[in-house]
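Coordinate inspection notes
In case you want the letters, here they are:
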Amino acid sequence: MNKTLILLLIMVFPALIISGQDQEWIVPKDQQMRLSTFSFTDSTSQLGEKLYQLNCTSCHGDPGKGNHANLDPIPPDPASEMIQQNLDGELYYKLWEGRGLMPSFKNILSPVETWLVISYLRTFNADYVQEIAKEIERKGYDGIIRILLTYLPKEQVVESEVIGIKDDGQEPIILAPVKLTAHRYFGGLTIDGIKNTDSMGMARFYLPPDLPGDSTGNIRFTASLTDLELYGTTQTDTTFLAGVPTHLPGLTEQRAMWNTIWKAPVWLLITYFSGVLAVWGTILYIVWMLRKIYLFKKEDN
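Small disclaimer: the values here were computed from a predicted structure and weren't measured. (Residues numbered from 1 in each chain as written. Predicted model: local features only at pLDDT ≥ 70, side-chain atom pairs only at ≥ 80, totals over all residues. Heavy atoms only, no water.)

1. Examining the confidence of the model for the chain
Definition in use: Confidence of the predictor in every single residue is expressed as pLDDT, which spans 0 to 100. Every helix listed is a DSSP run of H or I at least four residues long, and every strand listed is a run of E at least two residues long, numbered separately from the N terminus. Contacts are assigned to residue pairs that have any heavy atoms within 4.5 Å of one another.
On average, residues of the chain score 84 in pLDDT, and 89% of them are at 70 or above. Averaged pLDDT values over the elements of the chain bottom out at 44 in helix α1 (residues 2-19) and peak at 96 in strand β7 (residues 202-206). Counting interchain partners and residues more than four positions distant, the pLDDT-below-50 stretch residues 4-21 has 16 contacts.

2. Let's talk about helix α7 (residues 111-121)
Worth spelling out the cut-off: When a residue's accessible area, from a 1.4 Å probe over protein chains only, is under 20% of the maximum for its type it is buried; when over 50% it is exposed; and in between it is partly exposed.
Most of α7 is tucked away, with nine of its 11 residues classed as buried. On the buried face of α7, the contacting elements are α3 (42-55), α5 (81-84), α6 (88-97), β4 (177-184) and β8 (218-225).

3. Here we look at the environment of L269
Within the secondary structure, L269 sits in helix α9 (residues 266-300). Residue classification places L269 among the buried residues on the basis of a relative accessible area of 17%. Those residues in contact with L269, other than ones at most four positions away along the chain, are R255, I261, W262 and A264.

4. Here we look at the nonpolar core
Nonpolar side chains in soluble globular proteins tend to be buried together. Keep this limit in mind: Side-chain atoms within 4.5 Å link the members of a nonpolar core, which is a set of buried Ala, Val, Leu, Ile, Met, Phe, Trp, Tyr and Cys residues.
In terms of nonpolar packing, the biggest core is built from 23 residues, with L149, L180, I191, F221 and L225 touching the most fellow members. Secondary-structure elements contributing two or more residues to this core are β1 (144-152), β2 (157-166), β4, β7 and β8. Excluding its chain neighbours within four sequence positions, the residues that come into contact with L149 are V158, E159, S160, L180, F221, A223, T236, T238 and F240. The next biggest cluster of nonpolar side chains, apart from the first, holds 21 residues, and it includes L47, L95, L109 and L121.

5. A closer look at the environment of R34
Position of R34 relative to the elements: it lies in the loop between α2 (29-32) and α3. A relative accessible area of 33% places R34 in the partly exposed class. A sequence separation of 59 residues divides R34 from Y93, and the C-alpha atoms of the two residues are 8.8 Å apart. Among residues more than four places away in sequence, those in contact with R34 are D88, G89, Y92 and W115.

6. Observations concerning the layout of surface pockets
Rules: Lining residues are those with an atom within 4 Å of a point, where the points come from a 1 Å grid over the protein atoms alone and group into cavities, where a 1.4 Å probe fits but cannot get out, or pockets, open sets with protein on both sides within 12 Å along at least five of seven lines. Grid points are joined across faces, edges and corners, and a volume is the space filled by probe spheres set on the points. Any residue outside Ala, Val, Leu, Ile, Met, Phe, Trp, Tyr, Cys, Pro, Asp, Glu, Lys and Arg is labelled polar, Gly included; the first ten of those are nonpolar and the last four are charged.
Taken as a whole, the largest pocket holds about 1100 Å³ of empty space. Along its surface, the largest pocket is lined by 37 residues, and W25, H60, P76, I83 and M102 are the ones closest to its centre. Listing elements by their share of the lining of the largest pocket, those giving two or more residues are α3, α4 (57-60), α5, α6 and α7. Its residues assigned to classes, the lining of the largest pocket comprises 24 nonpolar, eight polar and five charged.

7. A word on the side chain of T236
Turning to its location among the elements, T236 is positioned in strand β9 (residues 235-241). When residues no more than four places from it in sequence are discounted, the contact partners of T236 are I147, L149, F221, T222 and A223.

8. Thoughts on a nonpolar patch on the surface
Where we set the bar: Patches here are clusters of residues that have more than 30% relative accessible area and form no salt bridge, with a 9 Å joining cutoff for like charges and a 5 Å cutoff for nonpolar side chains (Val, Leu, Ile, Met, Phe, Trp, Tyr). Surface accessibility in these figures is a Shrake-Rupley result with a 1.4 Å probe; residues are shielded only by whichever protein chains are displayed. A pairing counts as a salt bridge when a side-chain nitrogen of Lys or Arg comes within 4 Å of a carboxyl oxygen of Asp or Glu.
Taken together, the side chains of Y285, I286, W288, L290 and I293 present a nonpolar region at the surface, about 500 Å² in accessible area. For I286, the location among the structural elements is in helix α9. A residue is classified by how much of its surface remains accessible, and I286, at 45% relative accessible area, is partly exposed.

9. Some details on the packing of α3 against α7
The line we're drawing: Orientation is described by axes fitted as lines to C-alpha atoms, over the contacting stretch for helices, and by angles from 0 to 180 degrees between their N-to-C directions. Small angles under 35 degrees read as roughly parallel and large ones over 145 as roughly antiparallel, with 65 to 115 read as roughly perpendicular and the rest as oblique.
For the pair α3 and α7, the least separation of the axes is 7 Å and the interaxial angle reads 105°. Considered as vectors, α3 and α7 are oriented roughly perpendicular to each other. Residues T44, S45, L47, G48, E49, L51 and Y52 of α3 lie in contact with α7, whose contacting residues are E113, L116, V117, S119, Y120 and L121. Across the contact of α3 with α7, the residue classes break down as seven nonpolar, four polar and two charged.

10. Here we look at the pattern of salt bridges
As enumerated under the stated definition, the model contains eight salt bridges in all. Among the ionic pairs, K195 bridges to D192, the shortest N-O distance being 3.3 Å. Judged by relative accessible area, which is 25%, K195 ranks as partly exposed. In this structure D192 comes out as partly exposed when scored by relative accessible area, which is 32%. For D237, the salt bridge is made with R220, and the minimal N-O distance between the two is 4.0 Å. One end of the pair, D237, is in strand β9; the other, R220, is in strand β8, with 17 residues separating them in the sequence. The partly exposed category is assigned to D237, whose relative accessible area is 30%. Among the charged side chains, a salt-bridge network with shared partners connects E155, E159 and R204.

Encoded structure:
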């Protein structure tokens, strides 16, 4: 009996570890005081909202709406006090590093894009007062910047044209760093690295031949200028029929560690219920033995 109980406890132990993932998330002190170098405005919040919808809504849902994904543990509401009580640097660190079921976005979002998401999240905190890091003085473009995307199917290339618009006409923006991402469940997939525009304001991004799209092959692309201080918050979203038609199952459609109850992996269900049976079996065995001892003493008397 003792050997059996030990084996069952060994089986239950991984489940106990999993259940302990809700421990407090401690951010290193040197990261807590990190600050944005630009002010959070309506413009930065709007860009942050697009990035949030692209990267975060599938799990956390719309802030304040309570329509998060049915995962275990439950993804916290970004509008809640639990999230808003974090310092800006703490939010940045958690987005950047990730933990457990929360993916890391360091290879998905640029530092500027991470701050844009935080800018959007802070719109749900009426008491928030931003503290800004010391800014580096740089002269930005004094006109309006637009990004135009074109898909060349024969070459499997997306061309990005960056133009500046002023009162006296328009001009190409040269040597501007452009980033192209493809929409995915957990953020955006960076395509072909960051490219600098040429003398015509053009940058070319080569697509992988097996890049998955939706069920019809459509892919939503986002192009953005990564130097926010110099060019401002400029980006554009476009959908092209540029991918391989793919059925993308919902996050809770298949068995997974983060799913709930009967959608959890079979081995985890077996482990859990084996542990429950082992505990109750042990309790009943002890009760049965105590009853035998009681009856045995009663017969002697």
